[in-house]
Each structure stands twice: as structure tokens, then as C-alpha cells.
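The residues making up each chain are set out below.
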Amino acid sequence: MELTVNGIKHQIKSDSKTSLLNVIREELNMTGSKYGCGEGVCGSCTVLLDGNAVRSCIVEAGEASGKQITTIEGVSESEKLHPVQQSFLKEDVFQCGYCAPGMVMSAVGLLKKNASPSEEEIIEAMNGNICRCGEYPKIVKAIQQVSQG
Amino acid sequence: MNYLDKVNFPIPRTPYFKPNKMQVHEIENIERHSTDKNGIESKDGSLISRRRFFNYLGGGIAVVMVSGPLQAFNQPKTSQLERFDDDQIAAWLHIGEDGKITVFTGKVEVGQNIRTSLTQIVAEELQVPVQSITMIMGDTDLTPYDRGTFGSRTTPTINTKLQKVAATTREILLDQAAEKWKTKKELLKVSGGKIVNTKNQNSIEYGTLTKGKKIVHPIDVNVKVTPATQWKIAGKPEQKVDAERIITGKHQYVSDMKLPEMVYGKILRAPTIKSNLQSANVDIAKSMDGVKVVREKDFIGVTGPDLQTAIKAINSIKAEWNISEQPSKGEIFDYFKEKASKENNQNVTGNLNQGFEAAEKTLKASYTIDYIAHVPMEPRAALALWEGEKLTVWTGTQRPFGVREELAEHFGIKEEMIRVIMPDTGSAFGGKHSGEAAIEAARLAKAVQKPVKVVWTREEEFVWAYLRPAGLIEINAGCAKDGTITAWEFHNYNSGDAGLESLYTMPNKTTNFHWIDSPFKQGSYRALAATANNFARESHINEMARMINMDPLEFRLKNLKDDRMKDVLNAAAKAFGWKNRKPAENHGFGIACAFEKAGYVATCAEVVVDPTTDEVKIVRVSEAFDCGTVINPHHLEGQIVGAVIQGLGGALFESIDFENGKILNPKLSQYRVPRFKDVPPIEAIIVDNKVLPSSGAGETPILGIAPAIREAIVSATGIKLYTMPLVPNGKVTKEIKP
């Protein structure tokens, strides 16, 4: 099976029914995407599939074949950080940081579809991502700053 | 020299509770009581882990620790390390020849951002940029002994300690430069990592001055530290250290770490905590390629070359269990009353009978608090490596030294043979004091003679860690016509004794804590039992105020003498508009306050209850918090707002559901936690008092939200609720008294 991750083609040995998260973290050694629940309800594992934010823990690797997979490791296209990452840094969001990659990827996915979301739209789109440390207000602000900047 | 004088024990606030024995699942006892002998004496009576530890110096070590686990194999042999007593600078701080500063502490970063605040305080005293400091945290071989990162203790203890360490270092550097230049120390100052001679502008860098030598010099406990009013680095909203590594996904937690030859471990789990293994068929697992089965009585685990194989292997095992009868959720509070220990842990002041006689009105009520789970974003994880007799374990825990003790006890080996490293963990909230995963990984690694990583699933984290205790609280109280409390009788069943006492003037009072052998493993959760005790107390105070037609803020001010408590109440009320705003139709206002861990909090909340659907929505929250001098206002605000948001969960809907001792909702699709949609506008009012010592802030901010919301619901609807969670399905139903 072949998977294209962050623009690079990889020959995958894992079974096509293995979760995409597992393949990314274990076979490709890209541990930025995290395991939080294993059932797609916490958002820690969020990656982009052809630009759409998906929960990689419930996507079978085979389903991702032939698509453009973007992970946190590849979200910035150059040496510079992605504007979402820059905004999160500027707002100094994050306590334990474990939810951070998933938050970034969900936000990137949102902004690809809606470049200037309202606060309600941000909350609606991001509601699938959990931050147990409670950084929600700062995350909303950081996303708002990107769309305004 | 009596080393005990120098060791920092957390001071228990209610010392009369003595546990019958150090129950393995009574994790909270480790936090609450200073009679913890573990670690003070080894089995042969010698004083080891408390005082002696290793410190490795040299420019390379900071790089080794921060760069990643593969460097693990290049770490120095124990014999190369030098030992320093923890009253020496060298135990805590080192200046490399290149000027880079390394700071060592046994405290760990769990998202409370102490890595940043501790860096700031050192940077302040040494007047260096924050970037020039590397913190080595929670490594039992490299950092001074520490009992654990909990109890809001880091800021009042280690922040103060490191402030003195850095200030003493500064004085030493000034002395050394003065001698070198044969000039007066008063003419010299520190600036930008250099000593500068103000007379002729000669300067020398710290590293050049010390030549990278260890600073074997006692910490001056009376050293002059920079007053907070003059701070340039501390007291400022410095960005989280390592933020860029986190935002790029480069930062590794234990569940991300890998070692060469590593295998993945999985443990066979029983259906409930109190089940016993009857039989198990491991034939399929044994036959799988690369899989090893480890079996030691009831402990059955597997290792596999990859995660998928390990999962397949553990799932292939067919096992039979004896499940003992255990209570269900509906009967748990009756169970508490029935099983309450006969031991009377009671605190008595004055004369309760006289107090009730003097009361104009009395009020009796019961409050219940459900079991809830910590739900750290990263479940437990551990990576264990045996090198001959030496064991190294990386694990996400708040107590690396405590986990080392657990490992030593389990394997019957000396603590010096064990190194526990805490690289960072995806949050904890008091839920990661114990080293279950560490022991599991180490057991498997010992059996298969390969490094083993064990990462718990979310389900395992719900079931096999420990819960916040459930509780039943009964209060009988009386007050005079003018609102002064004359009598107060308080019984807490199972929750705990943290926060049993308060700042209210109660001349006739008995407070009781009744211990129960809980059917579930329970332990520390952010603020311990103070959440339950404050929910009950503050709700009762609000009811008493209502009973005599007094404003709940006025009632509190009437019964408080502590100025800081009154100030923080007034600050919250003012910001909220408590006095000059009235709730609209279907809206309600509530107020609550608490004093815990030397911090003062007051919370005001507004709710709206939809008259047709009965749904409760939080409209806004104003919370004032006083923890003395603030080290990092931005991160403190994060702790306050974060605690309120987490507190919303326990206040409104979080609850562990169980039947016959089996947890029914051990998944994030079944156990609701606060999400983006649940967050109201939250205003944090920080009372930054720069002449008062700093208190911790990790816990106290969670205490006011539940009773404030409860009161707001009464204010909006007249409906009185007595349970935490208040509205499990989001709707206010008719009053249900337990």
C-alpha cells in the first residue's frame, strides 16, 4: 500500500485495515499526531486528508491511499511556521500541550473551508477537539487572530 | 545534623486523620500526610533517597536530556556521577563554561507551566535571558529528591528555593569578580549574563568566571532576593518554554518515545477491579510471531514487535474471572453510611448544643458528590529498560521519586539501581501519582529482556487508574437573626478531609471525616476533597443566607474575619456586578468562595434556564483569585480559567456510572468532559499582591464554580439541587434530595 504523507510517498507494510494514526505514529515514526481516545471523539489524532480534517484513529490506512495526507509535521509548507501555529505561539496557548497538534490541524482544516469564521463557527468546528487543561478561550482567540491577520 | 529539619514536608491542614494503614489505593494519603516514611529510610535504616542523589555536570548533559530518548544509551554510568547534598548550590544549578545555565529540580511539568515560572525566577536573580536556562526536571538520578508535584506546593517551596539558589549564585559571582579585579563588590552589578564593573565598564561572562566548575557552596537562606516590585523577568507573561516544540509536534511524551529493540506491552485486564483470575488460555498469543507471553500468577501480559500485534495477542487470550459482588451507583451513598468506619475523626470547637440553642433558624441538608475521572489527555504510559541489574523507566507521573520507591518495593531492589525519568506528560490533575504502567512495563521488560513500552488505552485509564472519591456530606447548622453562624455540624463520608475547615467564624462546630473502604480505587484529584467540602459548605451557606433573607455576599462578609478572603469576594462581586445588576427573567446569580492551599478564591456565576426545555446554560463567570505575588500572570490566568472549565465538568455533568462494581462509561464517547461549546465567558480577576509570598495556583481556582452555579440555578428557578453533578443531562428537574 502506498501513502502520500506531507508530500512524500511511502510504501506501507502495515495491513490496510490498520488505523491511519497507527501507521503514521508507528510505521512512519511521526509521533506529532496523538492517541487520546481511539474512537474519534477527542481530536488529538487530527490530520488532513485532501485538506479535510479527519480523525486518523478511525480512518483505515487503506482509505487514505491515493489522498494527500497532511500531519502536524508537514502543516507548514516552508521553514516558517503555519500562520495557525504562529498565532498559537503568539497567544501562548497550551498548558500540557498534548492536544496541540490536533487543535492546529482542526483549525487549519476549518480555515481552509472558511477563511473568516465567526466565533460561533469556530466553536462549532473545533468542538470535536478536547483540551482537558481548558485552554479553549485562548484557542478560539488564536484562530480569530489568524483570520483577522 | 538532622536532615529532617531541611526537608520540606507539606503541612497537613487537618492532622487528626490517621489512616489505618498505607492503603495502596489511598493515593491521596501520600499527598496529605507527613508521616510518609517511604524514601526517608531505606530498609536497612540508612538515609538514601532523601538526601543523596546524583548530579552530573558538564556542558553535554543538557543536550543529552533534551534531545530525545535515543541518547539514553549515551547517558553516563552511575559511577561517573557526583553527589551533592541538597543544601549545596551545585545540586540545583550549574553554569557551563559557555554561560548556559542548567537548573535541576525534582518537580515535574504537567501543564501547570512551572517549567516556565521556575525559569523566570532564576533568570530574574541572575539577570539572564530566559533562553539561556535549561531546566532538568523529574529525573531521579539528576535532580534533588522531591516528594511529588502536587498540593499546589511548587511555587511556595521550589520557586522560593530556586530564587535563593540563584541569588546566592549571583552573590558568589560578584564576590569572585570582585576578587579577580581586586575591587569593591559594591561597584559591580549583574547584567545580561555578565558581571559588569560600573566604574570602568569591564565585564566578564559568568561562564568565563566560573570556568564551568561546580558551585559547591551552601545556599544562603538569608540571601537578599529581588523584591517583586522590581522584577523585570519574573512577574511577566513570559511565553511557555518549549512552546515551539509543542506546536510543531516535535515534543515527545512517553507514549511517543521509542528505543532500539523496543517491544510493545499489553496487560490482560479483568472485567472489574475486584475480580480474580480463574483461568486463562494463552495458546493463541503464544503461537503468534514475535509475541512473548508473561505470566506471574494473576498478572498476564504480552509483548509484541509492534503495537498492532501486541493488541491482537492480548485480545486473543480467553480468561475466566471470579467477580465479587460490588455496589452500584444508585446505592453508593447508602453504602457509605453503612460502611463508615467506627473510628471517630472529629474536630470539636465550643459546644454544639449551645450553638443550636442560640440559633434563630437551623438548616439540615445532605449533599452527594459522584465519582469522577481525571481524564488526562494522555493516558498512562511507561517505557522500561533493564541494563543488567539497573532499571530505567520513563513514565508520565507526578511523583518520579515515588514511582522509584514503588519499583524498588515491587522488585525488591535498592532505589539506587532504579532511575525514573519524567519527560513531560499529557496532563495529570492529580491522577498520575501512581506508577502502575511503570511497574507493568518493568515487569514485562525483565521477563523478555528487551525495552518495553506500555501505553494504556483510554478505557484502561478510566478503569485501572484511580477516581476522584465520591462523597456524602451531611450538614446541620444554625444562625442567629443577624446572620452570624452559631452552630455547625459537618460530616463527610468518603470524600476526604481536605477543606473540611474554613475561614468562617464558627464558635460551636464539629467537623467529621468518616473513612470508608471505597469499592473503587480513589485518590488525589485537583483540590482533593476541598471541591466536595466547599460545594456542600458554600451551598449550605447560601441556603442559610436565603433562610434569613440576607444577601449571600453580605452573609459571608458577616462571618469572615480574614481580610484577603473579604477582598477577593468583593473583587469578584464588583467585576460581576453583583450589587448593581439584577438577573433577567429565567436568569440567576450565584456566589461562592474558598480558602485552600494558601490561596483565596471567589466565584460569581450567572445562569439562564430555558423555561420550556429546562436546559441550563452558563451565561458568564467572574472569578477573583489571590495567590500573593504572581510569577507569570498569563499562565496564572490559564490555571484559573482552566480550573473553572474543568470544574464545570464536575459541577454540571461529569460522573462515573457503575453497576456491580463495573464502570459503564469508560470511554470519551460515554463520559462527558467540557468542550468548546460548554465554555461561557470567564473573567479572571487576579489579585496580584507583590508584598505577599507566592502561593500555588493549581487547585484552589476550581473550588468556587460548582456552588456558584448551584446558587445561580436556585436564584433562577427556585429549584435546589444537592448533587454533583448538578444537571447530568443538562436539564434542571425538580429538586431531588438524597
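Since we're looking at a predicted model, the values are computed, not measured.

1. Focus on the overall build of chain A
Next up, step 1: In terms of regular secondary structure, chain A is built from five helices and five strands.
Next up, step 2: Taken from N to C terminus, the helices and strands of chain A fall in the order β-β-α-β-β-β-α-α-α-α.
Next up, step 3: Taken against the 2.2 N^0.38 rule, which gives 15 Å for 149 residues, the C-alpha radius of gyration of chain A at 15 Å falls within 12% of a compact globule.
Next up, step 4: Along the first, second and third principal axes, the C-alpha set of chain A runs to 40 × 30 × 25 Å.
Next up, step 5: Residues counted as buried form 58% of the 149 residues belonging to chain A.
Next up, step 6: Restricting to contacts in chain A with at least 6 residues of sequence separation, those with at least 24 account for 60%.

2. Regarding the pairing of strand β5 (residues 133-137) of chain B
All names here are of chain B.
Next up, step 1: Of all the five residues making up β5, five are buried; the element is thus mostly covered by neighbouring parts of the structure.
Next up, step 2: One ladder, built from five bridges, connects strand β4 (residues 101-105) with β5; its direction is parallel. Across the sheet, the residue bridging to valine 103 is methionine 135, located in β5.
Next up, step 3: Regarding topology, helix α3 (residues 114-126) serves as the crossover connection from β4 to the parallel β5, and that connection is right-handed.

3. What to know about the packing of helix α4 (residues 119-126) of chain A against helix α5 (residues 136-148) of chain A
Two packed helices can be described by the angle between their axes and the distance between those axes.
Residues and elements named next belong to chain A.
Next up, step 1: α5 packs onto α4 with a crossing angle of 120° between their chain directions and a minimal axis gap of 10 Å. By the angle between their directions, the pair α4 and α5 is classed as oblique. Between α4 and α5 lies a crossing whose hand is right-handed. Across the interface between the two elements, Glu119, Ile122, Ile123 and Met126 from α4 touch Ile139, Val140, Ile143 and Gln144 from α5.

4. Some details on the domain arrangement of chain B
All names here are of chain B.
Next up, step 1: Domain annotation for chain B reports domain 1 (52-247), domain 2 (254-323 + 380-455) and domain 3 (340-372 + 467-724).
Next up, step 2: The gap between the C-alpha centroids of domain 1 and domain 3 is 39 Å.
Next up, step 3: For the side of domain 1 that touches domain 3, the class distribution of residues is six nonpolar, twelve polar and two charged.

5. So, the domain arrangement of chain A
Residue and element names in this part refer to chain A.
Next up, step 1: When its domains are assigned, chain A resolves into domain 1 (2-73) and domain 2 (83-148).
Next up, step 2: Taking the mean C-alpha position of each, domain 1 and domain 2 sit 20 Å from one another.
Next up, step 3: Those elements giving two or more residues to the side of domain 1 that touches domain 2 turn out to be β3 (46-49) and β4 (52-55).

6. Observations regarding the sheet that holds strand β1 (residues 2-5) of chain A
Note: strands within a sheet are paired through backbone hydrogen bonds, in either parallel or antiparallel orientation.
Residues and elements named next belong to chain A.
Next up, step 1: One open sheet holds the five strands; their spatial order is β2-β1-β5-β3-β4, and the pairing between them is mixed. Sheet topology places β2 (8-11) and β4 at the edges, where each strand pairs with a single neighbour. With strand direction ignored, the average angle separating the axes of adjacent strands in the sheet is 40°.
Next up, step 2: In the sheet, β1 pairs with strand β5 (residues 68-70) via two bridges, with the strands oriented parallel.

7. Concerning helix α2 (residues 83-90) of chain A
Next up, step 1: All of the buried residues along α2 of chain A are Val84, Gln85, Ser87 and Phe88 of chain A. Relative to the axis of α2 of chain A, the buried residues are bounded by an arc of 160° and lie together on one face.
Next up, step 2: Tucked inside the fold, the buried residues of α2 of chain A contact α3 (100-113) and α5 of chain A together with α6 (243-247) of chain B.
Next up, step 3: With its phi angle positive at about 50°, aspartate 92 of chain A sits one or two positions after the end of α2 of chain A.

8. Topic: the interface of chain A and chain B
Next up, step 1: At the junction of the two partners, chain A supplies 38 residues and chain B supplies 43 residues.
Next up, step 2: Elements with a contribution of two residues or more to the side of chain A that touches chain B: α1 (20-27), α2, α3, α4 and α5 of chain A.
Next up, step 3: In terms of residue class, the side of chain A that touches chain B is built from 20 nonpolar, twelve polar and six charged.

9. Describing the packing of helix α17 (residues 633-652) of chain B against helix α18 (residues 705-717) of chain B
All names here are of chain B.
Next up, step 1: Close contact between α17 and α18 brings their axes to 8 Å; oriented N to C, the two are set at 60°. Considering the angle they form, α17 stands oblique to α18. Considering how the two elements wind past one another, α17 and α18 form a crossing that is right-handed. Within the contact between the two elements, α17 uses Val644, Gly647, Leu648, Gly650 and Ala651 and α18 uses Ile705, Ala706 and Ile709.

10. Considering the confidence of the model for chain B
Residue and element names in this part refer to chain B.
Next up, step 1: Overall, the prediction assigns chain B a mean pLDDT of 89, with 88% of residues at 70 or greater.
Next up, step 2: Between residues 1-26, whose pLDDT stays under 50, and residues either more than four places distant or in other chains, the model counts 31 contacts.
Next up, step 3: In the model, residues 34-80 has pLDDT below 50 throughout and makes 72 contacts with residues more than four positions away in sequence or in other chains.
Next up, step 4: In the predicted complex, the global pTM is 0.91; the interface-specific ipTM is 0.98.

11. Digging into unusual backbone geometry
Residues and elements named next belong to chain B.
Next up, step 1: Omega for the bond connecting methionine 724 with proline 725 falls within 30 degrees of zero, at 10°, which places this linkage in the cis form.
Next up, step 2: If you trace the backbone, proline 725 turns up in the segment after β29 (723-724).
Next up, step 3: Here aspartate 614, not a glycine, exhibits a phi torsion of approximately 65°, which is positive.
Next up, step 4: Mapped onto the secondary structure, aspartate 614 falls in the loop between β24 (599-609) and β25 (616-626).

12. Section: the environment of asparagine 127 of chain A
Next up, step 1: By the secondary structure assignment, asparagine 127 of chain A is in the loop between α4 and α5.
Next up, step 2: Residues asparagine 127 of chain A and cysteine 42 of chain A, 85 residues apart in the sequence, show an inter-C-alpha distance of 9.0 Å.
Next up, step 3: Once you skip the residues sitting within four places of it in the chain, asparagine 127 of chain A turns out to touch Arg675, Phe676 and Lys677 of chain B.

13. A word on the pairing of β1 of chain A
All names here are of chain A.
Next up, step 1: Here β1 shows a buried face lined by Leu3 and Val5 and an unburied face lined by Glu2 and Thr4.
Next up, step 2: For β1 and β2, the ladder comprises four bridges, and the chain directions are antiparallel. Within β2, the position partnered with leucine 3 by the bridge is histidine 10.
Next up, step 3: Here β1 hands over to β2 after two residues, with asparagine 6 in that stretch at a positive phi of 55°.

Basis of the calculations
- Residues numbered from 1 in each chain as written.
- Chains lettered and ligands numbered in written order.
- Predicted model: local features only at pLDDT ≥ 70, side-chain atom pairs only at ≥ 80, totals over all residues.
- Helix = DSSP H or I, 4+ residues; strand = E, 2+ residues; numbered from the N terminus.
- Rg over C-alpha atoms; globule rule 2.2 N^0.38 Å.
- Buried ≥ 20, exposed ≤ 12 C-beta atoms within 10 Å, placed from the backbone.
- Contact = placed C-beta atoms within 7 Å.
- Pairing = 2+ DSSP bridges.
- Right-handed = clockwise from strand over helix to strand, strands pointing away.
- Axes fitted to C-alpha atoms, helices over the stretch in contact; angles between N-to-C directions.
- Parallel < 35°, antiparallel > 145°, perpendicular 65-115°, else oblique.
- Left-handed = near helix turned anticlockwise from the far one by under 90°.
- Domains from an automatic or database assignment.
- Nonpolar A, V, L, I, M, F, W, Y, C, P; charged D, E, K, R; others polar.
- Arc of directions from axis to C-beta.
- pLDDT = per-residue confidence, 0-100.

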